[in-house]
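Spelled out from the first residue to the last, the chains are:
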Amino acid sequence: MKKITKICCIGAGYVGGPTMSVIANKCPHIAVTVVDINEDRIAQWNTPNLDNLPIYEPGLKEIIRESRGKNLFFSTDVDKAIDEAQMIFISVNTPTKTYGKGKGQAADLKFVELCARNIAKVAKEDKIVVEKSTLPVRTAEAIKNILDHTGNGVVFEILSNPEFLAEGTAIDDLLNADRVLIGGDDTPAGKAAKNALSDIYENWLPKERILQTNVWSSELSKLVANAFLAQRVSSINSISALCEKTDANIAEISRAIGFDSRIGPKFLNASVGFGGSCFQKDILNLVYIARSFGLKEVADYWEQVIIMNDYQKRRFADHIIQSLYNTVSGKKIVLYGWAFKKDTNDTRESAAIHIADALMDERAEIVVYDPKVSEERIYADLDYLETRTPDENRTLLKVVSNPMEASREAHGIAVVTEWDEFKSYDWTKIYELMLKPAFIFDGRRILDTQNMRQIGFNYYKIGEA
Ligand code: UDX
Ligand code: ADP
């Protein structure tokens, strides 16, 4: 296997952008080109003002500043980058299907397939193709099939190298990865390809953390890792509902069980429900695969994690409605936060979308403030639901840029994203601006109960009576 000196990554999104930036930064001897068919996106990655990068990740800007133009390039010339690279990462989006067989569950692989066909068309020399997108099990096989049957006699080795980066900490997750998973064939050529990719990561990670497996184990591990993490959130959220009916406190329970070293303290924060592009999609994929093999009990078991998550979002919205005397019609309710978690501008599957939608069904007047999410994004999220017309969405929901002003004459404020800045607001001032009784619904448990009640708020914290 020749030494890798040129990498191409197809797809300049949340996965491709940061991953390739870190690889370029840590491997100055490799030229990395990230390509995308979306011209605006590439223009944004090439922006002279690094505050205008298409995604916000702490630490990303600094890395781009160091490497862009040296050995890191963003381009729309997909074919040229494929032609020149010895290793090609596929990092395009794989949304849940919205049509046909597997609708609402299976991953839509059309973008991945188009990439594979494009690679087959352009490649004139042997290449390693790495699947980086979140994919259902057996995608590598499908990619291989397309490449082998439509290519120009070129030999392709297919690897699975799932990403485990969490948004908001993507750069740190890449620099200090718990592990890197590389799946590939056990043939001599497959092993050589795995080693070639391992060599890249070994530029900054200890070899012990780079695990080589067969392709299917690697693909399935990704889904299972996310399913286990989501399951922890759903488990603690289910208990939060029970805590609200008793005098038990969810924070005390999380702490008590987290001290058991077999359980561990992470991912035990009760919340309005998990969001993000991965958890729901990956579990749906797992459910779909299990069901397609006739494993009904397995499918039902994992599906329950999503059912519990939907319940938690609905329960939070219902609690707001009940607290406001069973009617929110015409009442101003402020949502602090729209992103699916703090430190990201990503809103995919964010709990906020469903909470707003449920409140809008009751004709509440919603005002949203989020430090990083744009107005266009918020309306696009609502329009995508197709619950009501775009005009109705824009009448019932307003997006504002001043959080203090937003609270003026509001009946209630719901904290749906755990942005740090919410903790340091002048809550006494907010109380004065709001209508009385003033309600706070803390879906992220970030405010101090005693302090909020002292100010005079009717304060509800998820997981506490
Ligand atoms: C996740 C995985 O962590 C990552 O390894 C994978 O590659 C992609 O999916 P991400 O979606 O970016 O990453 O976010 P994550 O930090 O895992 O949070 C997911 C959701 O769960 C968020 O909405 C978060 O607010 C919620 N969450 C997380 C909780 O509600 N409670 C917790 O204790 C932890
Ligand atoms: P992820 O979170 O998986 O990174 P994103 O939606 O943020 O997903 O990014 C995926 C990117 O892949 C998008 O910018 C999209 O334009 C790009 N893309 C999809 N199909 C192709 C293709 N055939 N060739 C090049 N880029 C593609």
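Our subject in this report is the structure included herewith. Here the residue index of a chain counts from 1 through its sequence in written order. Each chain takes a letter, starting from A, and each ligand takes a number, starting from 1, following the order in which they are written. Per-residue local features are limited, in this predicted model, to residues with pLDDT of at least 70; the limit for side-chain atom pairs, both in listing and counting, is 80 or more; totals at the level of whole chains, interfaces and linings are taken over all residues. As a rule here, side-chain values come from all non-hydrogen atoms in the structure, and water together with hydrogens is ignored.

### Observations concerning the overall build of the protein chain
Working step 1: Helix numbering and strand numbering both begin at the N terminus, where a helix is a DSSP run of H or I of at least 4 residues and a strand a DSSP run of E of at least 2. Within the protein chain one finds 18 helices and 14 strands.
Working step 2: By residue count, 54% of the 465 residues in the protein chain fall in the buried class.
Working step 3: To measure how exposed things are, a 1.4 Å probe is used in the Shrake-Rupley method; for residues, cover is taken only from the protein chains shown. Total accessible area computed for the protein chain in this model is approximately 21,000 Å², and 51% of it derives from carbon and sulfur atoms.
Working step 4: Positive charges are assigned to Lys and Arg, negative charges to Asp and Glu, while His and the chain termini are left out of the count. A charged residue contributes its charge at one atom only: NZ of Lys, CZ of Arg, CG of Asp or CD of Glu. Computed over 57 positive and 65 negative side-chain charges, the inter-centroid distance for the protein chain is 2 Å. Categorising residues by exposure relies on relative accessible area from a 1.4 Å probe, with only protein chains included: less than 20% of the type maximum marks a residue as buried, more than 50% marks it as exposed, and the intermediate range marks it as partly exposed.

### Digging into the pairing of strand E2 (residues 31-35)
Working step 1: A large share of E2 lies buried, amounting to 4 of its 5 residues.
Working step 2: Pairing of strand E1 (residues 6-10) with E2, which is carried by 5 bridges, proceeds in the parallel orientation. Counterpart to Ile7 in the pairing with E2 is Val32.
Working step 3: We treat two strands as partners when DSSP finds at least two bridges between them. In the sheet, E2 pairs with strand E3 (residues 72-75) via 4 bridges, with the strands oriented parallel.

### What about the site of ligand 1?
Working step 1: If a single non-hydrogen atom of a residue is within 4 Å of a molecule or strand, that residue counts as near it. In the vicinity of ligand 1, 20 residues are found, and the nearest of them are Glu167, Asn269, Ser271, Lys341 and Arg444.
Working step 2: Between ligand 1 and Glu163, the relevant distance is 3.2 Å, taken from an oxygen atom to a side-chain nitrogen or oxygen of the residue.
Working step 3: Between an oxygen atom of ligand 1 and a main-chain N or O atom of Glu167, the distance comes to 2.6 Å.
Working step 4: Taking 660 Å² as the accessible area of ligand 1 by itself, protein coverage stands at 92%.
Working step 5: Amino acids are sorted into nonpolar (Ala, Val, Leu, Ile, Met, Phe, Trp, Tyr, Cys and Pro), charged (Asp, Glu, Lys and Arg) and polar (every other residue, Gly among them). Residues of the shell around ligand 1, tallied by class, amount to 11 nonpolar, 4 polar and 5 charged. In protein, a polar contact requires one atom able to donate a hydrogen and another able to accept it; more generally it is a pair of N or O atoms within 3.5 Å, and residues adjacent in sequence count only if both atoms are side-chain atoms.

### Focus: the site of ligand 2
Working step 1: Taken together, 15 residues lie around ligand 2, and Tyr14, Val15, Asp36, Arg41 and Arg348 are the ones closest in.
Working step 2: Measuring from an oxygen atom of ligand 2, one finds a backbone N or O atom of Val15 at 2.9 Å.
Working step 3: One of the side-chain nitrogen or oxygen atoms of Arg41 is found 2.7 Å away from an oxygen atom of ligand 2.
Working step 4: Out of a free accessible area of 580 Å², ligand 2 has 88% covered by protein chains.
Working step 5: Among the residues forming the shell around ligand 2, the class breakdown is 7 nonpolar, 5 polar and 3 charged.

### Some details on the nonpolar core
Working step 1: To define a nonpolar core, start from buried Ala, Val, Leu, Ile, Met, Phe, Trp, Tyr and Cys residues and group those joined through side-chain atoms within 4.5 Å. Membership of the largest hydrophobic core comes to 61 residues, with the highest contact counts inside it found for Phe316, Trp338, Leu397, Trp427 and Phe457.
Working step 2: The leading source of residues in this core is helix H13 (residues 351-361), at 7 residues.
Working step 3: For Phe457, the contacting residues outside a window of four places in its chain are Trp427, Ile430, Tyr431, Met434, Ala438, Ile440 and Met452.
Working step 4: Core analysis: the next-biggest nonpolar cluster, separate from the first, contains 43 residues, Ile4, Val34, Ile171 and Trp204 among them. Contact criterion: two residues are considered in contact whenever any of their non-hydrogen atoms come within 4.5 Å of each other.

### Regarding the pattern of salt bridges
Working step 1: Each reported salt bridge corresponds to a side-chain nitrogen of Lys or Arg within 4 Å of a carboxyl oxygen of Asp or Glu. A complete count under the given rule lists 28 salt bridges for this structure.
Working step 2: Between Asp79 and Lys121 there is a salt bridge, and its shortest N-O distance comes to 3.8 Å. Taken together, the residues span a long stretch of sequence, with Asp79 in helix H4 (residues 78-84) and Lys121 in helix H5 (residues 110-122) at a distance of 42 residues.
Working step 3: With relative accessibility at 31%, the residue Asp79 sits in the partly exposed group.

### Quick notes on unusual backbone geometry
Working step 1: A cis amide bond, omega -5°, links Lys436 with the succeeding residue Pro437.
Working step 2: The residue Pro437 is located in the loop between helix H17 (427-433) and strand E13 (439-442) in this model.
Working step 3: If you check the backbone angles, Phe267 has positive phi at about 60° while not being a glycine.
Working step 4: Its location among the elements puts Phe267 in the loop between helix H10 (250-258) and helix H11 (279-292).
Working step 5: Given a relative accessible area of 39%, Phe267 falls into the partly exposed group.
Working step 6: Here the phi dihedral of Glu386 falls at roughly 60°; this positive angle occurs in a residue that is not glycine.
Working step 7: Residue placement: Glu386 occurs in the loop between helix H14 (375-385) and helix H15 (390-396).

### So, the pairing of strand E10 (residues 365-369)
Working step 1: The buried fraction of E10 is high, at 4 of 5 residues.
Working step 2: Bridge count between strand E9 (residues 332-336) and E10: 5 bridges; the pairing is parallel. Among the inter-strand pairings, Tyr336 is bridged to a residue of E10, identified as Tyr369.
Working step 3: Read from E9 through H13 to E10, the crossover connection turns out right-handed.
Working step 4: Of the strand pairs in this sheet, E10 and strand E11 (residues 397-399) are connected by 3 bridges, and their pairing is parallel. Looking at the pairing, Val367 lines up with Lys398 of E11. By convention, a crossover is right-handed whenever its connection, traced from the first strand over the helix to the second and viewed with the strands pointing away, goes clockwise.

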